[in-house]
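An overview of the molecular structure
These are the residues of each chain, in order.
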Amino acid sequence: EPEVTQTPSHQVTQMGQEVILRCVPISNHLYFYWYRQILGQKVEFLVSFYNNEISEKSEIFDDQFSVERPDGSNFTLKIRSTKLEDSAMYFCATEGQGLHEQYFGPGTRLTVT
Amino acid sequence: KQEVTQIPAALSVPEGENLVLNCSFTDSAIYNLQWFRQDPGKGLTSLLLIQSSQREQTSGRLNASLDKSSGRSTLYIAASQPGDSATYLCAARDDKIIFGKGTRLHILP
């Protein structure tokens, strides 16, 4: 069964550093999403992406964050200058045309020290 | 703005019992409602997805129901086992998925 993959599984970085989280979507999926879950809290929507542009973003997704599909396959989330409060699990999800079902990756645990 | 609430926040039941987890959502204009399982420090495992036109879905010992008009969904777990211990998340889908905080379930051996 096709699945969404994410790399790395765990990333440790120092405050102020840039990080890039990567997601490989299910083939032929067109809609992409990032969510995050701070430890002990609920899963929160960050951003949705379709046709090479952002469809919607939450108030969490400020200028420190960006998303892109650099090579037509990977879908990335970049955090420009990480803060301690960016420590969380980041989930990628992808969706096919007209199906309204999102498939989640296993997540990347980001630890900012 | 969609809000998803799950009650109770935590539940402990003896092994073998049947149990019901509750989820409510404020905006009935959803595409679907999905139940996930999350083990501590781990990712999201999709359990059941109910489309807005459906009333329930079943998978093994799990049964999920959806009542859009009242903004409610339930997850029924039959004959609970210690391996069912996890956090169960309810998520309502409109343009994006809105998650509840989850119910932390502990099955007592």
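To be clear, the structure that these remarks concern was listed above.
The model shown is predicted, which means the values in this text are computed figures rather than measured ones.

Attention now goes to the packing of aromatic side chains. Scanning all chains against the criterion turns up twelve aromatic pairs over all chains. Ring geometry for Tyr35 of chain A versus Phe104 of chain A: centroids 5.3 Å apart, planes at 45°, classification tilted. Here Tyr35 of chain A, found in strand S4 (residues 31-37), pairs with Phe104 of chain A, found in strand S10 (residues 103-104); they are 69 residues apart in sequence, far enough to count as distant. Each member of the pair, Tyr35 of chain A together with Phe104 of chain A, is buried. On the basis of an interplanar angle of 40° and a centroid distance of 5.3 Å, the ring pair of Phe49 of chain A and Phe75 of chain A is categorised as tilted. With a gap of 26 residues between them, Phe49 of chain A in strand S5 (residues 43-50) and Phe75 of chain A in strand S8 (residues 75-79) connect regions that are remote in the sequence. Taken together, the ring pairs in this structure connect Tyr33, Tyr35, Phe45 and Phe104 of chain A together with Phe36 and Phe99 of chain B into an aromatic cluster. The ring of Phe45 of chain A is capped by Lys96 of chain B, whose NZ or CZ atom sits 5.5 Å from the centre of that ring.

Right, let's talk about the side chain of Ser80 of chain B for a bit. Residues and elements named next belong to chain B. By the element assignment, Ser80 lies in the loop between strand S8 (72-77) and strand S9 (86-93). Classification of Ser80 as buried rests on a relative accessible area of 2%. Engagement of the side chain of Ser80 in a polar contact is seen with the backbone oxygen of Glu17, the distance being 2.8 Å. Not counting chain neighbours up to four residues away, the residues in contact with Ser80 comprise Val13, Pro14, Glu15, Gly16, Glu17, Leu19, Arg61 and Ile107.

With that out of the way, let us pick up the state of the cysteines. One pass over the structure, following the stated rule, counts two disulfides over all chains. Each sulfur of the disulfide joining Cys23 of chain A and Cys92 of chain A lies 1.9 Å from the other. On the sign convention where negative means left-handed, the S-S torsion of about -60° between Cys23 of chain A and Cys92 of chain A marks this disulfide as left-handed. Taken together, the residues Cys23 of chain A in strand S3 (residues 19-24) and Cys92 of chain A in strand S9 (residues 88-95) connect sequence positions 69 residues apart. Exposure class is identical for Cys23 of chain A and Cys92 of chain A. Each is buried. The disulfide that involves Cys23 of chain B links it to Cys90 of chain B, with 1.9 Å between the sulfurs.

Rules and cut-offs
- Residues numbered from 1 in each chain as written.
- Chains lettered and ligands numbered in written order.
- Predicted model: local features only at pLDDT ≥ 70, side-chain atom pairs only at ≥ 80, totals over all residues.
- Heavy atoms only, no water.
- Phe/Tyr/Trp six-rings, centres within 6.5 Å; stacked < 30°, edge-to-face > 60°.
- Helix = DSSP H or I, 4+ residues; strand = E, 2+ residues; numbered from the N terminus.
- Buried < 20%, exposed > 50% of the residue type's maximum accessible area, 1.4 Å probe, protein only.
- Lys NZ or Arg CZ within 6 Å of the ring centre and 35° of its normal.
- Polar contact = N/O pair within 3.5 Å; in protein donor to acceptor, adjacent residues only side chain to side chain.
- Contact = heavy atoms within 4.5 Å.
- Disulfide = S-S within 2.5 Å.

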